[in-house]
Amino acid sequence: MNRIFPKSLLGLAGVSFLLCSSQLAMALVPNNVAIIVNSGSTNAIGYRIYVSPSGEVNYVDGKGTNQGKLSEKLTKKFFSDLKVAEPLSNLPKQSCIKSVSFGTITIIRLAGEESPDISCPGNAKTQRLDNDVIAIAKALNVVNVPKSQGQPLPPQNF
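Now for a look at the structure at hand. The structure presented is a predicted model; accordingly, all values stated were derived computationally and were not measured.

Calculation rules
Residues numbered from 1 in each chain as written. Predicted model: local features only at pLDDT ≥ 70, side-chain atom pairs only at ≥ 80, totals over all residues. Heavy atoms only, no water. Salt bridge = Lys/Arg side-chain N within 4 Å of Asp/Glu carboxyl O. Helix = DSSP H or I, 4+ residues; strand = E, 2+ residues; numbered from the N terminus. Buried < 20%, exposed > 50% of the residue type's maximum accessible area, 1.4 Å probe, protein only. Disulfide = S-S within 2.5 Å. Contact = heavy atoms within 4.5 Å. Pairing = 2+ DSSP bridges.

1. Regarding the pattern of salt bridges
In total, this model carries 9 salt bridges according to the counting rule given. We note a salt bridge from K69 to E56, for which the minimum N-O separation is 3.6 Å. Residue K69 is found in strand β4 (residues 64-69), and its partner E56 is found in strand β3 (residues 56-61); the two are separated by 13 residues along the sequence. According to the relative accessible area criterion, E56 is partly exposed, its value standing at 44%.

If you want it as structure tokens, here you go:
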């Protein structure tokens, strides 16, 4: 009996470790996945879109979470424009006038780099990225849902 109890505890601890490890692994985003983050505004819920180089997409907005696939042409254009704009943190920061109630901020994260707000383009590279993000959101039907009509986004795990 004494030998069964310690083995049971050890087994339970092992299962708990595996469950925690798998949850941690799901929270990690590979370095080659671009993350588009829209802040939302006073009146609207933002969104996050995770784009892989294969065009596979996971996203969350005020309507919930979903998956999709972008066209090869749009995926290649987006990742090509990202490559040209690297390092993203060196893109020029540009101020622009935005509505307090409806103004949003859109950034892109990739491989540890983060862009400034691309919705206020500071140069042609930033403008191309903003156009790409608009096309991606449109292709997926991702929008800023009014707060009265949607659910808040779950917190980011990174």
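2. A word on the state of the cysteines
Within this structure, the stated rule accounts for 1 disulfide. Covalently, C96 is tied to C120 through a disulfide, its sulfur atoms 1.6 Å apart. Because the sign of the S-S torsion sets the handedness, a value of about -40 degrees for the bond joining C96 and C120 places this disulfide among the left-handed ones. Here C96, found in the loop between α2 (72-85) and β5 (106-110), pairs with C120, found in the loop between β6 (113-114) and α3 (124-140); they are 24 residues apart in sequence, far enough to count as distant. On the basis of relative accessibility, which here comes to 4%, the residue C120 falls in the buried class.

3. Looking at the environment of F78
With respect to the helices, strands and loops of the structure, F78 is situated in helix α2. The spatial distance from the C-alpha of F78 to the C-alpha of P53 is 9.1 Å, given a sequence separation of 25 residues. In contact with F78, other than residues within four places in its own chain, are A34, I36, V51, I108, L129, D132, V133 and I136.

4. Comments concerning the pairing of β4
Sheet topology note: the β3/β4 ladder contains 6 bridges and is antiparallel. Looking at the pairing, V57 lines up with G68 of β4.

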